[in-house]
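Structural characterization, general
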Amino acid sequence: MQHETHTGHEHHGAPGTGGKVTWSMAAQATLHCLTGCAIGEVLGMVIGTALGWGNVPTMVLAIALAFFFGYALTLRGVLKAGLGFRTAFRVALAADTLSIAVMELIDNGVIALWPNAMDAHLSDTLFWGALASSLVIAFVVTTPVNRWMIGRGKGHAVVHQYH
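An account of the accompanying structure is given in this report. Just so you know, these numbers come straight off a predicted model, no measurement behind them.

Here we take up the overall build of the chain. Each helix and strand in the chain was counted, giving five helices and zero strands. Counting only carbon and sulfur atoms, one obtains 69% of the accessible surface of the chain, whose full area is about 8,000 Å².

Judged by nonpolar contacts, the single largest core of 19 residues is most densely connected at Cys 37, Met 45, Met 103 and Leu 131. For this core, the elements supplying multiple residues, two or more each, are helix H1 (23-50), helix H2 (55-80), helix H3 (85-113) and helix H4 (125-151). If we ignore the near neighbours within four places in the chain, the residues touching Leu 131 are Glu 41, Val 42, Met 45, Asp 107 and Ile 111. Counting eight residues, the second largest nonpolar core, distinct from the first, contains Leu 75, Leu 83, Val 158 and Val 159.

Remark: H3 packs on H4, axes separated minimally by 8 Å, with the N-to-C direction vectors making an angle of 150°. Overall, the two elements H3 and H4 adopt an arrangement that is roughly antiparallel. Here H3 runs over H4; the crossing is right-handed. Facing Leu 98, Ser 99, Val 102, Met 103, Ile 106, Asp 107, Val 110 and Ile 111 of H3, the residues of H4 in contact are Ala 130, Leu 131, Ser 134, Leu 135, Ile 137, Ala 138, Phe 139, Val 141, Thr 142, Val 145, Asn 146 and Met 149. Across the contact of H3 with H4, the residue classes break down as 15 nonpolar, four polar and one charged.

Attention now goes to the packing of aromatic side chains. All chains considered together, the criterion is met by four aromatic pairs. With 5.9 Å between their ring centres and 50° between their planes, Phe 67 and Tyr 71 make a pair best called tilted. One end of the pair, Phe 67, and the other, Tyr 71, are both in helix H2, four residues apart, so they sit about a helical turn from each other. An angle of 85° between the planes, with centres 5.1 Å apart, marks the rings of Phe 68 and Phe 69 as edge-to-face.

Another point: H4. In an α-helix, one full turn covers 3.6 residues, which means residues spaced three or four apart are oriented alike. For H4, which comprises 27 residues, the first-to-last C-alpha distance of 39 Å matches the rise-based estimate of 39 Å (1.5 Å per residue) to within 8%. Approximately 30° is the largest bend angle found in H4, and it occurs at Thr 142, with the proline Pro 144 only one to four residues beyond. Those residues of H4 that sit buried are Phe 127, Ala 130, Leu 131, Ser 134, Leu 135, Ala 138, Thr 142, Thr 143, Asn 146, Met 149 and Ile 150. Two residues or fewer past H4, Gly 153 is found with a positive phi of approximately 75°.

Relative to the helices and strands, Leu 131 resides in helix H4. Residues Leu 131 and Glu 41 lie 90 residues apart in sequence; the distance between their C-alpha atoms is 8.6 Å.

Quick look at the environment of Val 102 now. Mapping Val 102 onto the fold places it in helix H3. Accessibility expressed as a relative area gives 18% for Val 102, which makes it buried. Between the C-alpha atoms of Val 102 and Phe 139, which are 37 residues apart in sequence, the distance is 9.5 Å. Beyond its immediate sequence surroundings of up to four residues, Val 102 is in contact with Val 141, Thr 142 and Val 145.

Taken together, Leu 43, Ile 47, Leu 51 and Trp 53 make up a surface patch of nonpolar side chains, about 350 Å² in accessible area. Looking at where Trp 53 falls in the secondary structure, it is placed in the loop between H1 and H2.

Before going further, it helps to spend a moment on unusual backbone geometry. Look at Asn 116: it is not a glycine, yet its phi comes out positive at around 70°. Looking at the element boundaries, Asn 116 is found in the loop between H3 and H4. Exposure remark for Asn 116: the relative accessible area of 56% places this residue in the exposed category.

The rules behind each value
Residues numbered from 1 in each chain as written. Predicted model: local features only at pLDDT ≥ 70, side-chain atom pairs only at ≥ 80, totals over all residues. Heavy atoms only, no water. Helix = DSSP H or I, 4+ residues; strand = E, 2+ residues; numbered from the N terminus. Areas by Shrake-Rupley, 256 points an atom, 1.4 Å probe, with all protein chains shown as cover. Core = buried A, V, L, I, M, F, W, Y, C linked by side-chain atoms within 4.5 Å. Buried < 20%, exposed > 50% of the residue type's maximum accessible area, 1.4 Å probe, protein only. Contact = heavy atoms within 4.5 Å. Axes fitted to C-alpha atoms, helices over the stretch in contact; angles between N-to-C directions. Parallel < 35°, antiparallel > 145°, perpendicular 65-115°, else oblique. Left-handed = near helix turned anticlockwise from the far one by under 90°. Nonpolar A, V, L, I, M, F, W, Y, C, P; charged D, E, K, R; others polar. Phe/Tyr/Trp six-rings, centres within 6.5 Å; stacked < 30°, edge-to-face > 60°. Expected span 1.5 Å × (residues − 1). Bend = angle between axes of the 7 residues up to and from the residue. Patch = residues over 30% accessible without salt bridge, like charges linked within 9 Å, V, L, I, M, F, W, Y side chains within 5 Å. Salt bridge = Lys/Arg side-chain N within 4 Å of Asp/Glu carboxyl O.

The following block contains the structure:
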């Protein structure tokens, strides 16, 4: 779910000021992050695999694209709110950096540790199964991180002031 399309912010409380931070809010923030990360991960792995690159350059490309698309989705939303590019970029960095970093660490860690996943090809069920599983695990691990950050007025809470 893209950030600017969800409604009902009144249940969020006032992050960082004692308002109640719900698991639903944390899950929505994580899903937003996961969307950008998944786009970048899949695109990076598809490009690297299709070009016959080795595991390390493919993973570096996938991680770089995950950060790019993660930031881009947030940037799009805050730019629509009327912020200038420089301020919007800073908001995106503040909102998403830790979330994306945790997600990428978990996602790529699972792939690296999954037997034969690093050597799977695009046509292999193992490739897509390991990738999908790694993203689900990354979501589960990152949601509590986002809840913690939002409760302190950090992370996705930074974006909410621009709605």
